[in-house]
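Topology and contacts: notes
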Number of protein chains: 2
Amino acid sequence: MSSLSKSGHPLDLSRRFPGFDACPTPQVVVDAEALAGNIARMAQITHGKAALHPHVKTHKSLAVAAMQREAGAAGFTTARANEAEMILRAGLGPVTLAYPMIEPAEARRLLERVGEGELRFIADSPQGVSALARAAADAGRRTKVFVKVDVGLHRCGVDPHSEAAHALARQIDDASHLFFAGLLSHAGHAYGAGDPDGIRVVARQELALMAKLRDSLRRAGIEVPIISVGSTPTLIANAGFDGVDEVRPGNYAFLDLTAVRLGIATRDDVALGIAARIVSANGTYAIAGVGSKTLSSDLGAHGTSGTSSYGEAWAGGEETPFTVEKLSEEHAFLRLAGRSLPIGTPVLILPNHSCPVANLSGGLLLLARDEPPRHLSIDARSNSVGQA
Amino acid sequence: MSSLSKSGHPLDLSRRFPGFDACPTPQVVVDAEALAGNIARMAQITHGKAALHPHVKTHKSLAVAAMQREAGAAGFTTARANEAEMILRAGLGPVTLAYPMIEPAEARRLLERVGEGELRFIADSPQGVSALARAAADAGRRTKVFVKVDVGLHRCGVDPHSEAAHALARQIDDASHLFFAGLLSHAGHAYGAGDPDGIRVVARQELALMAKLRDSLRRAGIEVPIISVGSTPTLIANAGFDGVDEVRPGNYAFLDLTAVRLGIATRDDVALGIAARIVSANGTYAIAGVGSKTLSSDLGAHGTSGTSSYGEAWAGGEETPFTVEKLSEEHAFLRLAGRSLPIGTPVLILPNHSCPVANLSGGLLLLARDEPPRHLSIDARSNSVGQA
């Protein structure tokens, strides 16, 4: 694939990530213009077609969530309880907690802390519905529950060709404090579909499976209030919104090299990078002062990958990037391949996958032209119960 | 490789990680008995042979550092400035900051915050020595500097066959506030050496290179006060301590599947695991409620790997583990291969690499028999300047 982006220049560091070379390193930086562009583009794609409920797992930042709400987000999606609490405490609900909670105590704690009607759960098993039924009854809160449908990622979700969704929808409506919210899916296997044409095939399959299942439920007398789908690739490549009520993309706010490899973004769209400096060099590698504890070791999303390297390191004035060939915990090995990178040179690294990078960071530095850098805190960073 | 450990049982969850199945999940857990055993074993290996300066990057926990000090650690090793501050504020110095600092401002800030003589830096370039010289002079603090030697990892360090170390040692001693501390190396390529025999070959090469360089410096009239080497594999496989004054292993406190694959540990020695529960299941996979944001995507250390999977998930009563075949950010795909794992089943996952797991966690839960679980905080977690 060519390293040229649509701007005609590979990654113009005289224009992108302004001031990345002046900040203490390593530092996760966000290009304010690209971030605003990405948020506006998704708002435009979905406007008048489906309600946008961005997934906050990508940024875990209230400041970024506020920008998404400003651009028209109807609500937010989260994985973990601490992310849901972050959004609800800030008054940015409703939240779709798109993760199968199976522990009544955890769901009850969350329900007790938040207002009724602000939280929608998912379930894909009788055990999951039972856990939520007990949690809601114990908390004395009524809450909505989507049935999660497996449209091909084979992670969570009921088989859409089975009657499992019917049974779960009935179990939900039979529970005193639960209401059936509808059907929810995530076509994460779109990340393995290669290019926009392949992604649209996945997206059309998802829409067809969801519509067929909705019709089957209706024939059985079960109304389906909402169909919620969504991933960044299927929404940017886009195969229409037939029958879709809500969408839940996450990665679109920052994008990354995975999106570039899939052909749904150019390097000019990537809003998150890592500012670092060269700290050592030998005949083979320049060593940048940033490693897997900042970049993560992700090659792609959901274990898919179109690469065996860990990102691209760009230096001012260079037309092509240096490949991040290996990572230690605090070092990146940049293959020199005959070029040189003197010690002290600032580099801007584009990562394979933005979401784990934001999660690992202690905070993001928002870089805009003609404005001082602005610190964005990560407000729901930990996934470990210890800090929740 | 057989899944049997030296205890005659693969991983006896009736004995290991006591209570892992009772804690809220996901939770990074530490087996107190294995941790104590690992700390005692390294103290025994090095006792009377070389001063032990454990690398804290593995745990970033003052509680674990205190256990290492109790067992005889003479000082500590760190990568980042925030790790060094954590140790020095707790009075656990001296600290060897085994990372080539090239920004005078960062080194100066650190020197101003800590006592003279408590901090030893490294350098592998004239720029690095100049940065430290300026920082120390500006801070008005005298400090020691090791010359970092590349013994085969080809990351940082001077070529031991060149005269670079001589020039740097002279540059250090010529600087008003710097003192030449000696030679320092890290044979991280031992992680790619396959087995204990291969690791000992790497360790012997390291000792020979360091001794030869020390002799060459002495012939040039430069005394070498300290030779500091060390990695967990080279110390456990062990090729002796000829000429070695200090050692700096890190991973040995927790160990992981990388150490098991290298043949330097059994599963019974691995002290860090991740407690999770099965949240969903389909015909191919059981899905555990923990992903790359807790486990990391590391396959090994320094980009080496003997695996294409992300860990082993053990369930009580099972003789063999379930392979963690793929990871999403909050989900692990456990290959069922004809077995079953009902929703709600607690699993204990052994990771490929412990160090990034502790770094990602919000805290560790120390599990001991007949004692309540004890929370260990991560005291120097962030690598991003934003939170430093």
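Throughout, a residue's number is its position along its own chain's written sequence, starting from 1. Chain labels run from A onward and ligand labels from 1 onward, assigned in the order the entries are written. Selection of residues for local features in this predicted model requires a pLDDT of at least 70, selection of side-chain atom pairs for listing and counting requires 80 or more, and totals for whole chains, interfaces and linings are taken over all residues. Calculated side-chain values reflect all of the structure's heavy atoms, with hydrogen atoms and water omitted.

1. Here we look at the overall build of chain A
Helical segments are the DSSP runs of H or I of at least four residues, strand segments are the runs of E of at least two, and each set is numbered from the N terminus. When helices and strands are tallied, chain A shows 11 helices and 17 strands. Taking 2.2 N^0.38 as the reference for a compact globule, 388 residues should give roughly 21 Å; the C-alpha atoms of chain A span a radius of gyration of 22 Å, in line with that estimate. For chain A, the spread of C-alpha atoms along the principal axes amounts to about 70 × 40 × 35 Å. The buried share of chain A, reckoned over its 388 residues, is 64%. In what follows, a contact means two residues having at least one pair of non-hydrogen atoms within 4.5 Å. Partitioning the intrachain contacts of chain A with sequence separation of at least 6 by distance along the chain shows that 69% fall at a separation of at least 24. Computation of the radius of gyration draws on C-alpha atoms alone. For the globule rule, the value is 2.2 Å times the number of residues to the power 0.38. Burial classification: accessible surface area is computed with a 1.4 Å probe over protein chains only, and a residue below 20% of its type maximum counts as buried, one above 50% as exposed, and the rest as partly exposed.

2. Side note on the state of the cysteines
Note on terminology: disulfide denotes any pair of cysteine sulfur atoms within 2.5 Å. Following the criterion strictly, the structure yields 0 disulfides over all chains and no others. Residue Cys 156 of chain B stays outside any disulfide, its sulfur separated by 17 Å from that of Cys 355 of chain B, the closest cysteine.

3. Examining the domain arrangement of chain A
Residue and element names in this part refer to chain A. Assigned domains of chain A: these are domain 1 (20-29 + 258-387) and domain 2 (94-249). Where each domain starts and ends comes from a domain assignment, either automatic or drawn from a database. Put simply, the middle of domain 1 and the middle of domain 2, counted by C-alpha atoms, are 34 Å apart. In this complex, domain 1 contributes 8 residues to the contact, which on the side of domain 2 involves 15 residues. Taken together, the two surfaces of domain 1 and domain 2 that pack against each other cover about 790 Å², and 72% of this comes from carbon and sulfur. The working definition used for a salt bridge is a side-chain nitrogen of Lys or Arg within 4 Å of a carboxyl oxygen of Asp or Glu. Inspection of the region where domain 1 meets domain 2 yields 0 salt bridges. Each polar contact in these results corresponds to two N or O atoms within 3.5 Å; when the atoms are within protein, one needs to be able to donate a hydrogen and the other to accept it, and residues that are neighboring in sequence are counted only if both atoms are side-chain atoms. Between the two partners, domain 1 and domain 2, sit 0 residue pairs in polar contact (both at pLDDT 80 or more). Each residue belonging to the side of domain 1 that touches domain 2 can be placed in one class, and the counts come to 3 nonpolar, 4 polar and 1 charged. Buried area counts how much accessible surface, traced with a 1.4 Å probe, disappears from two parts once they are put together, with both parts' losses summed. Polar here means any residue outside two lists: the nonpolar Ala, Val, Leu, Ile, Met, Phe, Trp, Tyr, Cys and Pro, and the charged Asp, Glu, Lys and Arg; Gly therefore counts as polar.

4. Notes on the interface of chain B and chain A
Between chain B and chain A, the contact holds 64 residues from the first and 64 residues from the second. Looking only at chain B, the three residues that lose the most surface to chain A are Arg 155, Lys 293 and Glu 330 of chain B, adding up to 12% of its buried area. There are 6 salt bridges connecting chain B and chain A. A salt bridge links Arg 80 of chain B to Glu 330 of chain A; its shortest N-O distance comes to 3.1 Å. In this structure, the connection of chain B to chain A is made through 26 residue pairs in polar contact (both at pLDDT 80 or more). Secondary structure elements with two or more residues in the side of chain B that touches chain A: β1 (27-31), β4 (95-100), β10 (272-281), β11 (285-288), α10 (292-295), β13 (322-327) and α11 (354-360) of chain B.

5. So, the sheet that holds strand β2 (residues 51-52) of chain A
All names here are of chain A. At least two bridges found by DSSP between two strands are what make those strands a pair. On the basis of which strands lie adjacent, the open sheet formed by 8 strands has the order β2-β9-β8-β7-β6-β5-β4-β3 and parallel pairing. The two strands at the open ends of the sheet, each matched to only one other strand, are β2 and β3 (76-78). Lines are fitted to the C-alpha atoms to define the axes, a helix being fitted only along its stretch in contact, and any angle between axes, read from their N-to-C directions, falls within 0 to 180 degrees. Across the face of the sheet, helix α5 (residues 126-139) comes into contact with β5 (119-123), β6 (143-149) and β7 (178-185) while running at roughly 150° to β5.

6. Quick word on the packing of aromatic side chains
To pair, rings of Phe, Tyr and Trp, with the six-membered ring standing in for Trp, must have centres within 6.5 Å; the planes then decide the type, stacked if under 30 degrees apart, edge-to-face if over 60, and tilted in the middle. All told, the structure shown has 2 aromatic pairs over all chains when counted by the stated rule. A ring pair is formed by Tyr 285 of chain A and Phe 333 of chain A, whose centres lie 5.3 Å apart and whose planes are at 90°; its orientation type is edge-to-face. With Tyr 285 of chain A in strand β11 (residues 285-288) and Phe 333 of chain A in strand β14 (residues 332-335), this pair connects stretches of sequence that are 48 residues apart. For a lysine, the NZ atom is tested; for an arginine, the CZ atom; a charge sits over a ring if that atom is within 6 Å of the ring centre and within 35 degrees of the ring normal. Positioned over the ring face of Tyr 99 of chain A is Arg 80 of chain A, at 4.7 Å from the centre of the ring. Its end group placed over the ring of Phe 333 of chain B, Lys 326 of chain B keeps NZ or CZ at 4.6 Å from the ring centre.

7. A word on the pairing of strand β12 (residues 312-315) of chain B
Residues and elements named next belong to chain B. Where burial is concerned, the two faces of β12 agree: the one with Glu 312 and Trp 314 and the one with Ala 313 and Ala 315 are both buried. Of the pairings in the sheet, the one linking β12 to β13 comprises 2 bridges and is antiparallel in character. Opposite Glu 312, over in β13, you have Thr 323 as the bridge partner. Where β12 folds back on β13, the antiparallel hairpin that results is connected by 6 residues, among which Gly 317 adopts a positive phi of roughly 85°. Bridging between β12 and strand β15 (residues 346-350) involves 4 bridges; their strand directions are antiparallel. Within β15, the residue paired with Ala 315 across the bridge is Val 347.

8. Some words on the sheet that holds β4 of chain B
All names here are of chain B. Taken together, 8 strands build an open sheet; the order of strands is β2-β9-β8-β7-β6-β5-β4-β3 and the sheet is parallel. Each of the sheet's edge strands pairs with one partner strand only, and the pair in question is β2 (51-52) and β3 (76-78). Across 2 bridges, the pairing between strand β8 (residues 226-229) and strand β9 (residues 246-247) is parallel. Paired with Val 229 across the strands is Val 247, a residue of β9. Its contacts with the sheet put helix α3 (residues 81-89) on β3, β4 and β5 (119-123), and the angle it makes with β4 is roughly 175°. Most of the contacts of helix α4 (residues 104-113) go to β5, to which it runs at about 165°, and overall it touches β4, β5 and β6 (143-149).

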